[in-house]
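Given next are the chains, with one letter for each unit.
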Amino acid sequence: RKEGKIRGPLHGLPISIKDQIDMAGFDSTCGLSARCYRPATEDAVIVQILRAAGAIPFVRTNIPQALFLPESVNAIWGCC
């Protein structure tokens, strides 16, 4: 935006990233409390691609513990 140019096809689109996908500086717990407090050091490839296309990841989305259930329930965030 500083340059006044469109950054890509997703320019400015806010998106959420599921909790099992690495995002630099955030825990990728997969709903497992044993994986808390271990932030990723770099973005996953899909996050890098989305950012390069202009998307703005701004929130993490809850998932079921270990992705085993259809409901988003886990020991970290509870039922959502």
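**Describing unusual backbone geometry**
For C30, which is not glycine, the phi torsion reads 60° and is therefore positive. Along the chain, C30 falls in the loop between β1 (14-18) and α1 (45-52). Unusually for a residue other than glycine, Y37 sits at a positive phi of about 65°. Locating Y37 in the fold gives a position in the loop between β1 and α1.

**Quick notes on the confidence of the model for the protein**
Looking at the protein as a whole, the pLDDT averages 88, with 96% of positions reaching at least 70. Summarising per-element confidence for the protein, the mean pLDDT is lowest in strand β4 (residues 78-79) (74) and highest in α1 (97).

**Description of the environment of I21**
Within the secondary structure, I21 sits in the loop between β1 and α1. Under the relative-accessibility criterion, I21 is labelled partly exposed at 24%. I21 sits 26 residues away from V47 along the chain, and the two C-alpha atoms are 8.1 Å apart. Those residues within four positions of I21 in sequence are excluded, and the remaining contacts are S28, A44, I46, V47 and R60.

**Section: the pattern of salt bridges**
Within the structure shown, the criterion is met by 2 salt bridges. Linking D19 and R60 is a salt bridge whose minimum nitrogen-to-oxygen distance equals 3.5 Å. Placement of the pair is D19 in the loop between β1 and α1 and R60 in strand β2 (residues 56-61), with a sequence separation of 41 residues. Under the relative-accessibility criterion, D19 is labelled buried at 7%. With its nearest N and O atoms 2.8 Å apart, the salt bridge here joins R51 to D43.

**Re a nonpolar patch on the surface**
Taken together, V45, I46 and I49 make up a surface patch of nonpolar side chains, about 280 Å² in accessible area. Among the structural elements, V45 can be located in helix α1. We classify V45 as exposed; its relative accessible area is 56%.

How each quantity is defined
- Residues numbered from 1 in each chain as written.
- Predicted model: local features only at pLDDT ≥ 70, side-chain atom pairs only at ≥ 80, totals over all residues.
- Heavy atoms only, no water.
- Helix = DSSP H or I, 4+ residues; strand = E, 2+ residues; numbered from the N terminus.
- pLDDT = per-residue confidence, 0-100.
- Buried < 20%, exposed > 50% of the residue type's maximum accessible area, 1.4 Å probe, protein only.
- Contact = heavy atoms within 4.5 Å.
- Salt bridge = Lys/Arg side-chain N within 4 Å of Asp/Glu carboxyl O.
- Patch = residues over 30% accessible without salt bridge, like charges linked within 9 Å, V, L, I, M, F, W, Y side chains within 5 Å.
- Areas by Shrake-Rupley, 256 points an atom, 1.4 Å probe, with all protein chains shown as cover.

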